[in-house]
Amino acid sequence: MTTRVGLCKTEYMLNPIGLDVRKPRLFWQLQADSQGVVQSAYHIMVASTREKLESDQADVWDSGKVSSNASTHVQYEGQPLQSEGAYYWKVRVWDGAGAVTAWSETAFWMMGILSRGEWKAQWIGRKSEQGALMQPSPFFRKSFEVKKKVKRAIAYATALGVYDLYVNGERIGDRFAPGWTDYNTRVQVQAVDVTDKLKTGDNTLGVILGDGWYAGTVGFLGDKVYGERPFFLMQVSLDYEDGTKERVITDRSWTTTRGPIQYSDMIKGEAYDAREELTGWNKPGYADSAWEAPDVRSGYNGLLVAAIEPPIRITKTMKPISMKKTAAGTYIYDMGQNMVGWTAVNVQGERGTMITLSHAEILNPDGTLYVDNLREACQQDHYILKGEELESYEPHFTFHGFRYVELIGYPGEPDLDTITGKVVHSDTPVTGKLETSDAMVNQLYSNITWGQRGNFLSVPTDCPQRDERLGWTGDAQIFARTAAYNMDVSRFFSKYVWDMVDCQQPSGAFTDVAPDAGWIRHKNWNTRLNWFAPDNSGWGDAGVIIPWTIYLMYGDVRVLETHYEAMVKWVHYLKNTTDELVRPGYANYADWLSIGADTPNEVLATAYFAYSTKLLAQIADVLGRVDEAAHYQALFGDIAAAFRKAFVAEDGRIHGDTQTVYVLALQFGLLTEEQSRQARERLVADIQGRGDRLSTGFLGVGYLLPALTDNGSLDVAYKLLTQEAFPSWMYSIKHGATTIWERWDGWTEEQGFQTPSMNSFNHYSLGSVGEWMFRYMAGIEADPAAPGFQHVIIRPKPGGNLNWVKASYESLYGCITVEWRLSEEGDFHLQVDVPANTTATIQLPGPAASEHKVGSGSYVFESVSMLN
Ligand code: BGC
């Protein structure tokens, strides 16, 4: 048998360390060349050492042969897992004919510190400096001796703030760790294997601590939202070859001082004075007698949890495509792409010279940087030269959203190699690829993915440049499905659901932003920001929609189980704020940034109430809560009836009469058959009446093309997709967009820039059309009855001017690909790859519209006639 078992993952990760789930879930893939490959049984062995596992001594868990087709989310059921324990595992499977594969390669996972009592480390910080408005980033160090041979060394670290960790001078770990959580409730702990970084003799641990979200500026909520200044906690566990153990912990024996980083703030940028560098500070042998003792903080009442979110990393470097000298003697670089991260620079010059890197998304008509839309944010980094040979600099604890970089005060003549763009975001591996015969559609897809890259940074933020960068829940829910096609967001969104749950209000309301950063209790709450509510329709609903999306795309039942009560609370909260099941005025943001069409709040709020309830019924069903499923299904029916009674006129007109009211009513299933027909007609008439143009905002846009396609107007969907006149996706592309704009009218030929008070050029919400591109245009659709693409529905929908589409999605089971093309005669050709241990239903388009049920393998359908 040629089937192999590979890609063995634990909790969605390859060989993770530092876990705290007591029953980790195991995943593997079947790799086979033949068609129709299924798994009929599996056998897992888990051992406490690699050697034991290799000699089949499963001293931790031997599942025996289990008849099952499950190859994802297989829950560990062995011995209780020990704190800091290492577990090695392998699996073999039987196919449909009863033949067994070889054992997989050995995989492993390691547990983290499982109880609070085992944390011996203390939180260390540095006292604030008097008089300084912006505080310098403190440096910490600790030297220790390793006397014996180290078998394994794991560093468990976290911060209230963000940290950079060094072992013997080498920077290890990720950026902006531990990420953003509701620090009042929890903070994530990173585990890093440092075995290879240590040596016998003297070793040094070094840490630089940034304010991050904890003590630095958070959006427009000001600074010090969670705490006055940052703190760091670390425990390094050393396991020696001779079986003994030792710990190195943060405590009073560390030393601290200020260094070259004058300040470093997410929103305000960084200033770095290289003359104050502490050469060798993070290596052994450095004389730190002038350093101070750290300030030890007693007690942190939040939870120390294993990191759920994927690490934040530099995932790409970018070279500028052009450079221009300005009349003022500065240099403006074009990176060719609106990106998020920072700029690294090389420079040589006199000691004390200051250079500045200033960042903006766009240029003014006169060629200068357009920074008006940054509001209070300052996207500038300053570097003061130490005056030695070639100096290289990049900032530490800040990030910027930009395409253009202005280099100010540069000594000498820079060139294109002087700067490099570093693209920084939560490292969610790419899972989707999409290409078509239309270059503008391809650019649109590129813009969608760059929007995601730029805004998925610990939490799904709205934008990366102005003083906002908050985890807006409405934006996240509308884009979640698109995001999940593009990249593996399983852990990213699992973490974000915790963020939402952590700030769920006692009333049951999910908040508009998560983490809410104390917004609800914020000092400005009753003044400047008093029109923000904790429970906006279409925003708070993310608390149900996102778990459901994780379930659909990854088959993750645990996320539904874990948060079921929170979702129930939300739906009850919604119900409690209705008047005969109609929710008056609970959608303060309405169909945010719609264009020339105002959807009434109560229609939106009632529609989303129905939708959350409908999903909750489906979720209860998945969890086997039969009575509750029936209850919420019935409630959904009642809400739909109330919606019809309150808002649908006899001629089918829905109150507000906007594209969004029809789209939501159709997609949420709120109408009778007759009303659906009328809604479809009115929707299409409205679009046509505007010259084949849309008017939807954040809440309607994601459902617009699906609603049209599901209701027999695929042609209209394609017209909207490729429309180039304003407002449209292609309008922005025609005007040079390389990311999705916040607003349809961010810039127009007639008006120029929209108001600077809210005009981001990198907001992903309107990019939620990506979902339609995968689910309809390419036709890779999930099946809620066999989620996670265990059964995939392939239903390509050719249309518009497209001659071909190539798309793929890397599912948990393997890669699903769809390639279709239309021949010159107009015949349809399709090639499909279906991963092993999954099945597909292939629905061919055209008048014959045949359906084919297949197992795994590659399939080709030639010359399907599209003619009537
Ligand atoms: C954000 C949006 C968000 C909206 C809600 C804006 O400031 O940028 O993305 O959804 O506020 O009103």
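Calculation criteria
Numbering of residues starts from 1 in each chain and follows the order in which that chain's sequence is written. pLDDT decides what is reported in this predicted model: residues at 70 or higher carry local features, side-chain atom pairs at 80 or more are listed and counted, and totals for whole chains, interfaces and linings draw on all residues regardless. Excluding hydrogens and water, the side-chain values take into account all heavy atoms of the structure. Going along the chain from the N terminus, every DSSP run of H or I of four or more residues is numbered as a helix, and every run of E of two or more is numbered as a strand. It is over C-alpha atoms that the radius of gyration is taken, and the globule rule equals 2.2 Å times the number of residues to the power 0.38. Remark: exposure states derive from per-residue accessible area (1.4 Å probe, protein chains only) relative to the maximum for the residue type, with buried under 20%, exposed over 50%, and partly exposed in between. Residue contacts follow a heavy-atom distance rule, with two residues in contact if any of their heavy atoms lie within 4.5 Å. The protein chains shown are the only cover counted for residues, whose accessible areas, like all others here, come from Shrake-Rupley with a 1.4 Å probe. Any Phe, Tyr or Trp ring, taking Trp's six-membered ring, that has another such ring centre within 6.5 Å forms a pair; planes under 30 degrees apart are called stacked, those over 60 apart edge-to-face, and the others tilted. Think of it as a cone above the ring: NZ of Lys or CZ of Arg counts as a charge over the ring if it is within 6 Å of the ring centre and within 35 degrees of the ring normal. Here, a strand pair is defined by DSSP locating no fewer than two bridges between the strands. UniProt positions are given in the numbering used here, feature names are shortened, and annotations may be inferred rather than shown by experiment. Annotation comment: domain bounds sourced from an automatic or database domain assignment. Accessible area that two parts lose when put together, with a 1.4 Å probe and added across both, is what the buried area reports. Basic side-chain nitrogens of Lys or Arg form a salt bridge, by our definition, when they fall within 4 Å of a carboxyl oxygen of Asp or Glu. Polar contacts, as used here, are pairs of N or O atoms within 3.5 Å; protein pairs need one atom able to donate a hydrogen and one able to accept it. Residues neighboring in sequence count only if both atoms are side-chain atoms. Classification used: nonpolar for Ala, Val, Leu, Ile, Met, Phe, Trp, Tyr, Cys and Pro, charged for Asp, Glu, Lys and Arg, polar for all others including Gly. Proximity criterion: a residue is near a molecule or strand once any of its heavy atoms comes within 4 Å of it.

**Here's the deal with the overall build of the protein**
Part 1: Each helix and strand in the protein was counted, giving 15 helices and 45 strands.
Part 2: Taking 2.2 N^0.38 as the reference for a compact globule, 868 residues should give roughly 29 Å; the C-alpha atoms of the protein span a radius of gyration of 28 Å, in line with that estimate.
Part 3: A principal-axis box enclosing the C-alpha atoms of the protein has dimensions of 85 × 75 × 55 Å.
Part 4: The buried share of the protein, reckoned over its 868 residues, is 63%.
Part 5: Pairs at least 24 apart in sequence give 73% of the contacts found in the protein among residues at least 6 apart.
Part 6: With the model as given, the accessible surface of the protein reaches about 31400 Å², and the carbon-plus-sulfur share is 47%.

**Re the environment of Ala 70**
Part 1: Here Ala 70 lies in the loop between β5 (66-67) and β6 (74-75).
Part 2: The exposure class assigned to Ala 70 is partly exposed, which follows from its relative accessible area of 25%.
Part 3: Along the backbone, Ala 70 and Tyr 42 are 28 residues apart, and their C-alpha atoms lie at a distance of 8.2 Å.
Part 4: Sequence-distant contacts of Ala 70, that is, excluding residues within four places in its chain, are made with Trp 28, Gln 39 and Tyr 42.

**Let's talk about the packing of aromatic side chains**
Part 1: Taken as a whole and judged by the stated rule, the model has 54 aromatic pairs.
Part 2: Consider the rings of Tyr 183 and Tyr 214, whose centres lie 5.6 Å apart with planes at 80 degrees: the pair is edge-to-face. In this pair, Tyr 183 is assigned in the loop between β13 (170-177) and β14 (186-193) and Tyr 214 in helix α2 (residues 212-215), connecting sequence segments 31 residues apart.
Part 3: In this structure Tyr 183 comes out as buried when scored by relative accessible area, which is 1%.
Part 4: Exposure remark for Tyr 214: the relative accessible area of 7% places this residue in the buried category.
Part 5: Ring centres 4.9 Å apart and planes at 85 degrees place the aromatic pair Tyr 183 and Tyr 226 in the edge-to-face group. Here Tyr 226 lies in the loop between α2 and β16 (231-240) and Tyr 183 lies in the loop between β13 and β14, a separation of 43 residues in the sequence.
Part 6: Site record: aromatic cluster; members linked through ring pairs are Phe 456, Phe 479, Phe 492, Phe 493, Tyr 496 and Tyr 764.
Part 7: Stacked on the ring of Trp 103, the Lys or Arg Lys 90 has its end atom at 4.8 Å from the ring centre.
Part 8: The cationic tip of Arg 297 hangs over the ring face of Phe 231; the distance from NZ or CZ to the ring centre is 5.5 Å.

**A closer look at the pairing of strand β39 (residues 791-794)**
Regular strands show a simple pattern: their side chains alternate between the two faces of the sheet.
Part 1: On β39, burial covers both faces: His 791 and Ile 793 on one face and Val 792 and Ile 794 on the other are all buried.
Part 2: Strand direction decides the pairing type here: strand β38 (residues 780-782) and β39, joined by 3 bridges, are antiparallel. Bridge pairing in β39 places Ile 780 opposite Ile 794.
Part 3: Sheet topology places β39 next to strand β43 (residues 839-843); 4 bridges connect them, and they run parallel. Residue pairing across strands places Ile 793 opposite Thr 841, the latter belonging to β43.

**Focus on the UniProt feature "domain: Alpha-L-rhamnosidase C-terminal" (unreviewed entry) in the protein**
Part 1: Annotation from UniProt places "domain: Alpha-L-rhamnosidase C-terminal" (unreviewed entry) at residues 779-854.
Part 2: Helix makes up 0% of residues 779-854 and strand 53%. Its end C-alpha atoms lie 16 Å apart.

**Overview of the domain arrangement of the protein**
Part 1: The assigned domain composition of the protein is domain 1 (3-111), domain 2 (119-264 + 278-308), domain 3 (313-425), domain 4 (432-778) and domain 5 (791-863).
Part 2: Facing the 14 residues of domain 2 at the interface are 11 residues of domain 3.
Part 3: Approximately 1000 Å² of surface area, both sides summed, lies buried where domain 2 meets domain 3, with 65% of it carried by carbon and sulfur atoms.
Part 4: Summed over the shared surface of domain 2 and domain 3, the number is 1 salt bridge.
Part 5: At the surface where domain 2 touches domain 3, the tally comes to 2 residue pairs in polar contact (both at pLDDT 80 or more).
Part 6: Of all the secondary-structure elements, those providing two or more residues to the side of domain 2 that touches domain 3 are β12 (162-167), β13, β15 (201-210) and β19 (261-265).
Part 7: Partitioning the side of domain 2 that touches domain 3 into residue classes produces 8 nonpolar, 3 polar and 3 charged.

**So, the UniProt feature "domain: Bacterial alpha-L-rhamnosidase N-terminal" (unreviewed entry) in the protein**
Part 1: Under the local residue numbering, the UniProt record ascribes the feature "domain: Bacterial alpha-L-rhamnosidase N-terminal" (unreviewed entry) to residues 148-316.
Part 2: From the first C-alpha to the last, residues 148-316 spans 39 Å; its make-up is 2% helix and 50% strand.

**What to know about the site of the ligand**
Part 1: All residues in the neighbourhood of the ligand are listed as Asp 462, Arg 466, Glu 468, Trp 472, Asp 475, Trp 539, Tyr 589, Trp 592, Phe 698, Glu 742 and His 763.
Part 2: At a separation of 2.6 Å, an oxygen atom of the ligand approaches a polar side-chain atom of Glu 468.
Part 3: At 3.1 Å, a side-chain N or O of Trp 539 approaches an oxygen atom of the ligand.
Part 4: For the ligand, the protein covers 97% of the area, taking 320 Å² as the surface of the free molecule.
Part 5: In terms of residue class, the shell around the ligand is built from 5 nonpolar, 1 polar and 5 charged.

**Quick look at helix α10 (residues 659-667)**
Part 1: Among the 9 residues in α10, 8 count as buried, and that is most of the element.
Part 2: Where α10 is concerned, the buried positions are Gln 659, Thr 660, Val 661, Tyr 662, Val 663, Leu 664, Ala 665 and Leu 666.
Part 3: Taken together, the buried residues of α10 touch α8 (601-622), α9 (626-647), α11 (673-689) and α12 (698-710).
Part 4: Just downstream of α10 lies Gly 669, where phi reads positive at about 70 degrees.

**What to know about the pattern of salt bridges**
Part 1: Here the structure, examined in full by the defined rule, presents 46 salt bridges.
Part 2: Here Asp 295 ties to Arg 229 by a salt bridge, and the two come within 2.6 Å at their closest N and O atoms. Of this pair, Asp 295 sits in strand β21 (residues 295-297) while Arg 229 is found in the loop between α2 and β16, placing the two residues 66 residues apart along the sequence.
Part 3: You can call Asp 295 buried: its relative accessible area is 15%.
Part 4: Taking relative accessible area as the criterion, Arg 229 reaches 18% and is therefore assigned buried.
Part 5: Among the salt bridges present, the one from Asp 462 reaches Arg 466, with a minimum N-O distance of 3.8 Å.
Part 6: You can call Arg 466 buried: its relative accessible area is 1%.
Part 7: Salt bridges sharing common partners tie together Arg 375, Asp 462, Arg 466, Asp 467, Glu 468 and Glu 742.

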